[in-house]
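# Commentary on secondary and tertiary structure
This is what each chain is made of:
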Amino acid sequence: MNHHQVTLPRLTALARQAAPKLLEAVVAPLAVFYLAMVVLGFKWALGLTVAWVYLGVIWRLIRRVKVPATMYLAAFAITVRAAVAFWTGTWMWFFIQPEMGTLCISFAFLASVRLNRPLVQKLTLDYIHLPSAVLKHERVRRFFARITLLWAFVLLMNSTLSIALAVYESLMGTLAGFMLLRTSAVALISGTAIAFSVIAFKRLLQRLHVAHT
């Protein structure tokens, strides 16, 4: 481990990398749905939101840019969501469906800790390189297990809160209220968890560096 310098990118650099994907995959579809809902109505909102996702795939194909497998899955998922929402005739089911998936993911996070293969470690390695010697360190293994547990509960909290808000605001007939409350709550919970995770990881790496120099 003495021969490996492990550093994390600055938070501003990570934010610049994540922002375009976040805007395209999360913010833009919600904005399209809400604006179309207000101006054109529920059915148009469903159709235009689905069209937005498919246009993202088509645009990449035209430019001959590799389309990530996750985009195909997202296109399929939003098609199913829109079809169910169209069939039920309420926007509530358009937003509840992905939260059910989030619940499943939170359980997968919990199971990964039980199997000693914490999912947060796998996700982290998609963005930064960590030497195998670091990954085998006991402190690092404990850290990823604990952070995976943290995110399992964060996802569980976000999805449970979102479902409760969707049901309540649907009964009240206020889509705007749901989007404002849900977005604010999820942003606060997730933002706090992200900041804690990054700071804790930096402190871990600093301690490892000091211990082996």
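Before any of the text, the structure's been laid out above.
Figured I'd write up the structure that's included with this text. This one's a predicted model, so the numbers in the text were calculated from it and none came from an experiment.

## Some details on the overall build of the chain
Along the chain, the regular secondary structure elements total eight helices and zero strands. Taken over 213 residues, the chain has a buried fraction of 37%. Long-range pairs, those at least 24 residues apart, make up 69% of the contacts in the chain with a sequence separation of at least 6. Element-wise, carbon and sulfur atoms account for 69% of the exposed surface of the chain, whose accessible area totals about 13,700 Å².

## Concerning the nonpolar core
Formed by 23 residues in total, the largest nonpolar core has its most connected members in Phe-33, Leu-46, Trp-91, Phe-94, Phe-95, Leu-175 and Phe-178. Core analysis: the next-biggest nonpolar cluster, separate from the first, contains 17 residues, Val-154, Ile-189, Leu-204 and Leu-205 among them.

## Things to note about the packing of aromatic side chains
The tally for this structure, following the rule as stated, stands at nine aromatic pairs. Taken together, a centroid distance of 5.4 Å and an interplanar angle of 70° make the contact between Phe-143 and Phe-144 edge-to-face. The class for Phe-143 is buried, based on a relative accessible area of 13%. Between Phe-143 and Phe-201, the aromatic rings sit 5.3 Å apart at their centres with planes inclined by 15°, giving stacked as the arrangement.

## Considering the pattern of salt bridges
Counting across every chain of the model gives one salt bridge. Among the salt bridges present, the one from Arg-182 reaches Glu-99, with a minimum N-O distance of 2.7 Å. Of this pair, Arg-182 sits in helix H8 (residues 175-211) while Glu-99 sits in helix H4 (residues 92-114), and the two are 83 residues apart along the sequence. A relative accessible area of 22% places Arg-182 in the partly exposed class.

## Let's talk about the environment of Val-50
Considering the arrangement of structural elements, one finds Val-50 in helix H2 (residues 42-62). Residues Val-50 and Ala-82, 32 residues apart in the sequence, show an inter-C-alpha distance of 7.3 Å. Leaving out residues up to four positions away in the same chain, Val-50 has contacts with Ile-78, Thr-79 and Ala-82.

Each value, and the rule that gives it
Residues numbered from 1 in each chain as written. Predicted model: local features only at pLDDT ≥ 70, side-chain atom pairs only at ≥ 80, totals over all residues. Heavy atoms only, no water. Helix = DSSP H or I, 4+ residues; strand = E, 2+ residues; numbered from the N terminus. Buried < 20%, exposed > 50% of the residue type's maximum accessible area, 1.4 Å probe, protein only. Contact = heavy atoms within 4.5 Å. Areas by Shrake-Rupley, 256 points an atom, 1.4 Å probe, with all protein chains shown as cover. Core = buried A, V, L, I, M, F, W, Y, C linked by side-chain atoms within 4.5 Å. Phe/Tyr/Trp six-rings, centres within 6.5 Å; stacked < 30°, edge-to-face > 60°. Salt bridge = Lys/Arg side-chain N within 4 Å of Asp/Glu carboxyl O.

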